[in-house]
Amino acid sequence: MKEYRVKVWRKAMKKEVTKEYQLSVQFLIALAVTGNIRHVNQAGMTQVLERLTGEKKALDLSAVADQVQKLESDNLDKATKMLAVMAMDDIPESELVRLAKHIKLDLTQHWKMDAEFLNLFTKSAIQLIAKSVGLDKAIGDGFGKLFNEKKEPLITALLAVEGFDYSATIPPVLMYK
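This text gives an overview of the structure that appears in the document. (Residues numbered from 1 in each chain as written. Predicted model: local features only at pLDDT ≥ 70, side-chain atom pairs only at ≥ 80, totals over all residues. Heavy atoms only, no water.)

## Some details on the overall build of the protein
- Helix and strand counts for the protein come out as 11 helices and zero strands.
- Starting at the N terminus and walking to the C terminus, you meet the elements of the protein as α-α-α-α-α-α-α-α-α-α-α.
- For 177 residues, the compact-globule formula gives about 16 Å, and the C-alpha radius of gyration of the protein, at 21 Å, lies well above that figure.
- Each principal axis of the C-alpha distribution contributes one length, and for the protein these read about 70 × 30 × 25 Å.
- Looking at the protein as a whole, 41% of its 177 residues are labelled buried.
- With the model as given, the accessible surface of the protein reaches about 10500 Å², and the carbon-plus-sulfur share is 53%. (Helix = DSSP H or I, 4+ residues; strand = E, 2+ residues; numbered from the N terminus. Rg over C-alpha atoms; globule rule 2.2 N^0.38 Å. Buried < 20%, exposed > 50% of the residue type's maximum accessible area, 1.4 Å probe, protein only. Areas by Shrake-Rupley, 256 points an atom, 1.4 Å probe, with all protein chains shown as cover.)

This is the structure we're talking about:
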């Protein structure tokens with residue numbers, strides 16, 4: 001579950017940083033000042049540069065600098081923004097959580113309950129999660145009976161509640177603290 005949760009956080013943070021140039025530059029400066037700039041994913045930035053230039057990455061620093069220098073202003077802004085985005089993949093979890101708290105990351109904008117998530121849990125844990133997001137109230141009297149089903153039909157039924165917003169409430173087990 002921890003691996004899944006951190007993956008959700010990383011994906012959400014990447015989307016947030018991608019949306020706003022100023023935030024990405026602020027994060028980039030913070031990453032550099034705190035020694036976390038080393039977490040910028042080199043392979044990811046290489047892909048970004050190759051996509052923006054339409055060329056393979058040059059072999060030495062001077063030649064790469066020439067490639068970057070040739071970027072149009074808007075592509076240079078994209079590359080700059082992507083530096084902070086690429087750090088979100090490798091930054092330590094504790095630092096990722098600090099940044100998520102700093103921007104008050106709203107996971108409801110980036111995650112929705114699905115079968116992949118629910119399959120990580122036992123039926124009793126699924127019941128607690130379902131209650132924590134209000135599925136018990138949305139289903140009503142038949143909620144308890146659902147848990148007599150096998151796991152797969154149970155999950156299917158929980159995810160088929162008409163009118164229920166599966167992204168409106170984040171289960172506590174998925175929240176960053």
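## Looking at the nonpolar core
- By size, the foremost hydrophobic cluster in this structure holds 54 residues, and its most contacted members are Met113, Phe117, Leu135 and Leu158.
- Contacts of Leu158, omitting those with residues within four sequence positions, involve Ile126, Ala130, Leu135, Ile139, Phe143, Leu146, Phe147 and Tyr166. (Core = buried A, V, L, I, M, F, W, Y, C linked by side-chain atoms within 4.5 Å. Contact = heavy atoms within 4.5 Å.)

## Considering the packing of helix α2 (residues 21–33) against helix α5 (residues 73–87)
- Put simply, α2 and α5 touch, their axes get as near as 8 Å, and they point 55 degrees apart. Here α2 is positioned oblique relative to α5, judged by the angle of their axes. Note that α2 runs across α5; the crossing there is left-handed. Contacts between α2 and α5 pair Tyr21, Ser24, Val25, Phe27, Leu28 and Leu31 from the former with Asp77, Thr80, Lys81, Leu83, Ala84 and Ala87 from the latter.
- For the contact of α2 with α5, the per-class residue count stands at eight nonpolar, two polar and two charged. (Axes fitted to C-alpha atoms, helices over the stretch in contact; angles between N-to-C directions. Parallel < 35°, antiparallel > 145°, perpendicular 65-115°, else oblique. Left-handed = near helix turned anticlockwise from the far one by under 90°. Nonpolar A, V, L, I, M, F, W, Y, C, P; charged D, E, K, R; others polar.)

## A few points about the packing of helix α1 (residues 2–19) against α2
- Running from amino to carboxyl end, α1 crosses α2 at an angle of 115 degrees, the nearest separation of the two axes being 5 Å. Between α1 and α2, the crossing angle belongs to the class labelled roughly perpendicular. Side by side, α1 and α2 meet where Met13, Glu16, Val17 and Lys19 of the first sit next to Tyr21, Leu23, Ser24 and Phe27 of the second.
- Looking at the contact of α1 with α2, its residues break down into five nonpolar, one polar and two charged.

Keep in mind these numbers describe shape, not what the thing actually does.
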